[in-house]
Amino acid sequence: MNKERCLLVISGPSGAGKDTVVKKMLEKHPEIEMSVSATTRAPREKEVNGVDYYFLPKEEFERRLAQGDVLEHVQYCDNYYGTLKSEIEQRMEKGVTTVLIIEVYGAANIKKIYPESTLIFVMPPNEEELARRLRSRGTESEEVIQQRLHRAKEELGRVGDYDFAVTNVDADVCAQEVYEILCSRQGR
């Protein structure tokens, strides 16, 4: 199998349930590993550095970026998010299926660098459900929620750039659909 097919990129608007879908897939398929992204945003309650994200000071992220240690990145809501090159290269070398949860522009960069990677866009059932999910978190101001909803409209316009799109009505069903797509792409 082409080592690039070990890369599974998941994107979708904030609140679409990407993290939940991937978490459910990983629970059933522990052979798949999660790439840990780096960010300059503050950790949310119960998030662990090196597990959920690498929480970096802005200066360190910018230093790594300048040194070419960041494979893809984006600045979103005044914070950087990115994938450290070592996260991908070490897993790909071992042939380990690795999931990246990244935004649409980062996904386009990954596809450019690794054209055989699989890109899947996770869609919310509708705009109302998306807004409900964002508000139910209770972690962000209404202003930030509105920014995320505006950004979601832009991101939904990029769904055609993906190899596949799945709608997350039920996270368990969606996780199974993502896994089946992955297996098909890897010839399993």
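Residues numbered from 1 in each chain as written. Predicted model: local features only at pLDDT ≥ 70, side-chain atom pairs only at ≥ 80, totals over all residues. Heavy atoms only, no water.

**Student:** Outline the sheet that holds strand β1 (residues 7-11), supporting the account with residue identities and numerical values.
**Tutor:** Neighbouring strands of a sheet are bound in pairs by backbone hydrogen bonds; such pairs are parallel or else antiparallel. Ordered in space as β2-β7-β1-β8-β9, the five strands form an open sheet in which the pairing is parallel. The open sheet is flanked by β2 (33-34) and β9 (164-167), the only strands paired with a single partner. In this sheet, strand β7 (residues 98-101) lies alongside β1 in parallel orientation, the contact comprising four bridges. Across the sheet, leucine 7 pairs through a bridge with threonine 98, a residue of β7. Relative to the sheet, helix α7 (residues 171-186) contacts β1, β8 (118-123) and β9, its axis offset from that of β9 by approximately 160°. (Pairing = 2+ DSSP bridges. Helix = DSSP H or I, 4+ residues; strand = E, 2+ residues; numbered from the N terminus. Contact = heavy atoms within 4.5 Å. Axes fitted to C-alpha atoms, helices over the stretch in contact; angles between N-to-C directions.)

**Student:** Go over the UniProt feature "binding site: ATP" (unreviewed entry) in the protein chain with me, naming the residues and quoting the values.
**Tutor:** According to UniProt, the feature "binding site: ATP" (unreviewed entry) maps to Gly12, Pro13, Ser14, Gly15, Ala16, Gly17, Lys18 and Asp19 in the numbering used here. Residues from the named set that contribute to the lining of the largest pocket are Gly12, Ser14, Gly15, Gly17, Lys18 and Asp19. Secondary-structure assignment places alanine 16 in the loop between β1 and α1 (18-28). With near-sequence residues (within four places) excluded, alanine 16 lies in contact with Val122, Met123, Pro124, Leu130, Arg133 and Asn168. Inspection of the secondary structure assignment puts lysine 18 in helix α1. In contact with lysine 18, not counting residues within four places along its chain, are Ile10, Ser11, Gly12, Pro13, Ile101 and Val122. A distance of 3.0 Å separates a polar side-chain atom of lysine 18 from the backbone oxygen of glycine 12. (UniProt positions renumbered as here; feature names shortened; annotations may be inferred. 1 Å grid on protein atoms, 1.4 Å probe; cavity = no way out; pocket = protein on both sides within 12 Å on 5 of 7 lines; lining within 4 Å. Polar contact = N/O pair within 3.5 Å; in protein donor to acceptor, adjacent residues only side chain to side chain.)

**Student:** Can you break down the packing of helix α5 (residues 127-137) against helix α6 (residues 142-156) residue by residue, with the values?
**Tutor:** Orientation of α5 relative to α6, taken along the N-to-C sense of each, is 145°, at an axis distance of 10 Å. For the pair α5 and α6, the sense of crossing is right-handed. Residues Glu127, Leu130, Ala131, Leu134 and Arg135 of α5 pack against Glu142, Ile145, Gln146, Arg148, Leu149, Ala152 and Lys153 of α6. Residue composition of the contact of α5 with α6, grouped by class: six nonpolar, one polar and five charged. (Left-handed = near helix turned anticlockwise from the far one by under 90°. Nonpolar A, V, L, I, M, F, W, Y, C, P; charged D, E, K, R; others polar.)

**Student:** I'd like a rundown of the packing of aromatic side chains, residues and numbers included.
**Tutor:** Any two aromatic rings considered together are summarised by their centre-to-centre distance and by the angle between their planes. Throughout the structure, instances matching the rule amount to four aromatic pairs. An angle of 55° between the planes, with centres 5.7 Å apart, marks the rings of tyrosine 53 and phenylalanine 55 as tilted. Exposure remark for tyrosine 53: the relative accessible area of 18% places this residue in the buried category. On the basis of relative accessible area, phenylalanine 55 is assigned to the buried category, the value being 15%. With a centroid separation of 4.9 Å and 10° between ring planes, the pair formed by phenylalanine 61 and tyrosine 80 is classed as stacked. Remark: tyrosine 80 occurs in strand β6 (residues 79-84) and phenylalanine 61 occurs in helix α2 (residues 58-66); sequence separation between them is 19 residues. (Phe/Tyr/Trp six-rings, centres within 6.5 Å; stacked < 30°, edge-to-face > 60°. Buried < 20%, exposed > 50% of the residue type's maximum accessible area, 1.4 Å probe, protein only.)

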